[in-house]
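If you want the building blocks of each chain, they are given just below.
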Amino acid sequence: MANMHKHPVRGLRGIEQQLWDDFEQSAKEVGADRSALLRQFMEWHTSRPDAELPKRPKPPTP
């Protein structure tokens, strides 16, 4: 079927737009996207075998 995704869409609430935009930018800096990073974090947080924390970009220099 058209427009059928492999996985259901999950919504997140309580995240202000600026944080969401900053997260998108930092994901791009490490060559990922928000969904991939959130999945990696959830796998690590739930102690899945071989899970690691996602890579973070270098902090901005003052």
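Look above for the structure.
Residues numbered from 1 in each chain as written. Predicted model: local features only at pLDDT ≥ 70, side-chain atom pairs only at ≥ 80, totals over all residues. Heavy atoms only, no water.

### Concerning the pattern of salt bridges
Reasoning step 1: Scanning the entire structure with this criterion turns up three salt bridges.
Reasoning step 2: For Glu43, the salt bridge goes to Arg39, with nearest N and O atoms at 3.0 Å. Within this pair, Glu43 and its partner Arg39 are both found in helix α2 (residues 34–45), separated by four residues, close to a single helical turn.
Reasoning step 3: You can call Glu43 partly exposed: its relative accessible area is 23%.
Reasoning step 4: What emerges from the salt-bridge pattern is a single network uniting Glu24, Lys28 and Arg34. (Salt bridge = Lys/Arg side-chain N within 4 Å of Asp/Glu carboxyl O. Helix = DSSP H or I, 4+ residues; strand = E, 2+ residues; numbered from the N terminus. Buried < 20%, exposed > 50% of the residue type's maximum accessible area, 1.4 Å probe, protein only.)

### Observations concerning the layout of surface pockets
Reasoning step 1: Of the pockets and cavities examined, the largest pocket occupies roughly 680 Å³.
Reasoning step 2: Taken together, 20 residues line the largest pocket, and the ones lying closest to its centre are Arg10, Ser35, Leu38, Arg39 and Met42.
Reasoning step 3: Elements represented by at least two residues in the lining of the largest pocket include exactly α1 (17–29) and α2.
Reasoning step 4: Its residues placed into classes, the lining of the largest pocket shows nine nonpolar, three polar and eight charged.
Reasoning step 5: Of the volumes computed, that of the second largest pocket is approximately 220 Å³.
Reasoning step 6: Surrounding the second largest pocket, Phe23, Ser26, Ala27, Val30, Leu37, Leu38, Phe41, Leu53, Pro54, Lys55, Arg56 and Pro57 form its lining.
Reasoning step 7: Breaking the lining of the second largest pocket down by element, the ones donating at least two residues are α1 and α2. (1 Å grid on protein atoms, 1.4 Å probe; cavity = no way out; pocket = protein on both sides within 12 Å on 5 of 7 lines; lining within 4 Å. Points joined across faces, edges and corners; volume = space filled by probe spheres on them. Nonpolar A, V, L, I, M, F, W, Y, C, P; charged D, E, K, R; others polar.)

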